[in-house]
Amino acid sequence: MSKTVLSCIQPTGHMHYGNYFGAVKNWVDLQEQYKCYYGVVDYHAMTMPYDVKKLRNNVWELIYNLLAVGVKPENLFIQSLVPEHAELGWIFNCFCSVGHLSRMTQFKDKGKDSEEKSKDSFVSAGLFDYPVLQAADILIYKADYVPVGKDQDQHLELSRAIAQRFNHVVGKEYFTMPDTLHSETPKIFSTADPSKKMSKSAGEKHFINVFADEARIRKQIKSAVTDQGGESDEMSAGVLNLFTLLKTAGRIDDHTSLMNDYNAGTLRYSNLKDATAEGLVAMSAAFTEKRKEITEDKRAIKYQIKQSSAEIRKIAQETLKEVKELVGLMNV
Ligand code: TRP
């Protein structure tokens, strides 16, 4: 039987080339090989202070984005349409120690972030409990592989600890242990400051939206930082980042020939920038076209994703039923 892959993404902000090359493209590729479930996790999005008027719309926007870049609709679900995640999350709370949760570095970091932002210093119990819900996301589909970044290793380790404790308490090897799937994904940095990861939180010039228009992409690449002076034999972070973008945009021939120029000491940065911009413009144009097609009939898409969520929910319900049986709760 083919292995099961599960991953989830929070409905926040834009999709930029850092997200795309770092995670979403991988999701798209894995669909060829595995049974895949991909969730837009709106319950998770509530753990930090958020705007209740925007959440639902953010979820749909992310769905359109994911579909536009090639995620298959039948693999997509919205977490709150599968409320069994939350119920299993509750059950898992009782199989997870406070000590283990309090060692999660992401909670410590995010909690600090939120405290520092004087406007809203509210740190919710949901934020603390976030990794338990994540364990439910994963285990409810009995996922074998979870494609995530290294920052999620600790959460995966917690998921396995919960699964182990559960199996131990119920006296049955019920859950299989999920593994992270660390694919080789290129690291994309901000073109305005190549010492930083491309990210939305750093501000407008630090990320390139996957659906950006041609003029914007050209402008951002044109003003990309290359060498910041200083004598060094190593390729600078900015130049390396442009080469990475060029390659990941599929411009292999350009990459090879410009790299030869670089090695010969004859590379003109303007050529590298032109080629990189060209590659990204072509990709973004294709994505934008697809997105336009999709959003022409939003009602149809919403209907389709509600249907796929309902289909995927059947699997979650099956697991939850077995779990309730095993832990001594009632089933209808
Ligand atoms: N915690 C993940 C992140 O911040 C998102 C997430 C929620 C997730 N549930 C998941 C990832 C289950 C993988 C599997 O990126």
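Residues numbered from 1 in each chain as written. Predicted model: local features only at pLDDT ≥ 70, side-chain atom pairs only at ≥ 80, totals over all residues. Heavy atoms only, no water.

## Some details on the environment of Thr244
Argument step 1. Mapped onto the secondary structure, Thr244 falls in helix α10 (residues 237-248).
Argument step 2. Taking the C-alpha atoms as reference points, Thr244 and Met48, separated by 196 residues in sequence, lie 33 Å from one another.
Argument step 3. When neighbours within four sequence positions are excluded, Thr244 is seen to be in contact with Pro186, Lys187 and Ile188. (Helix = DSSP H or I, 4+ residues; strand = E, 2+ residues; numbered from the N terminus. Contact = heavy atoms within 4.5 Å.)

## Some details on the domain arrangement of the protein chain
Argument step 1. Examined at the domain level, the protein chain breaks down into domain 1 (4-187 + 297-327) and domain 2 (204-292).
Argument step 2. Here the C-alpha centroids of domain 1 and domain 2 sit 32 Å apart.
Argument step 3. Surface buried jointly by domain 1 and domain 2 totals about 1,400 Å² across both partners, of which 66% is contributed by carbon and sulfur atoms.
Argument step 4. By the criterion of area lost to domain 2, the three top residues of domain 1 are Tyr17, Phe21 and Ala68, representing 43% of everything that side buries. (Domains from an automatic or database assignment. Buried area = accessible area lost by both parts, 1.4 Å probe.)

## Considering the site of the ligand
Argument step 1. Taken together, Leu6, Ser7, Cys8, Val41, His44, Tyr130, Gln134, Asp137, Ile138, Val146, Val148 and Gln152 make up the full set of residues adjacent to the ligand.
Argument step 2. Taking Asp137, its side chain carries an N or O atom lying 2.7 Å from a nitrogen atom of the ligand.
Argument step 3. Computed on the free molecule, the ligand has an accessible area of 370 Å², of which 88% lies beneath the protein chains in the complex.
Argument step 4. Every element with two or more residues in the shell around the ligand is listed here: β1 (4-9) and α7 (125-139).
Argument step 5. In terms of residues, the shell around the ligand owes the most to one element, α7, which gives four residues.
Argument step 6. Counted by class, the shell around the ligand contains seven nonpolar, four polar and one charged residues. (Near = heavy atom within 4 Å. Polar contact = N/O pair within 3.5 Å; in protein donor to acceptor, adjacent residues only side chain to side chain. Areas by Shrake-Rupley, 256 points an atom, 1.4 Å probe, with all protein chains shown as cover. Nonpolar A, V, L, I, M, F, W, Y, C, P; charged D, E, K, R; others polar.)

## Topic: the packing of aromatic side chains
Argument step 1. Evaluated as defined, the whole model comprises 17 aromatic pairs.
Argument step 2. Taking 6.4 Å as the distance between ring centres and 90 degrees as the angle between the ring planes, the aromatic pair formed by Tyr17 and Tyr20 counts as edge-to-face. Of this pair, Tyr17 and Tyr20 both sit in helix α1 (residues 17-30), separated by three residues, roughly a single helical turn. Accessibility assignment for this pair places Tyr17 and Tyr20 in one class, buried.
Argument step 3. Note on Tyr174 and Phe175: the rings are 4.8 Å apart at their centroids and 75 degrees apart in plane angle, and the pair reads as edge-to-face.
Argument step 4. Tyr174 gets classed as buried once you look at its relative accessible area, which sits at 11%.
Argument step 5. Judged by its relative accessible area of 2%, Phe175 is buried.
Argument step 6. Above the face of the Tyr37 ring, Lys35 is positioned so that its terminal group lies 4.8 Å from the ring centre.
Argument step 7. Here the guanidinium or amino end of Arg291 rests over the ring plane of Phe211, the centre of that ring lying 5.4 Å away. (Phe/Tyr/Trp six-rings, centres within 6.5 Å; stacked < 30°, edge-to-face > 60°. Buried < 20%, exposed > 50% of the residue type's maximum accessible area, 1.4 Å probe, protein only. Lys NZ or Arg CZ within 6 Å of the ring centre and 35° of its normal.)

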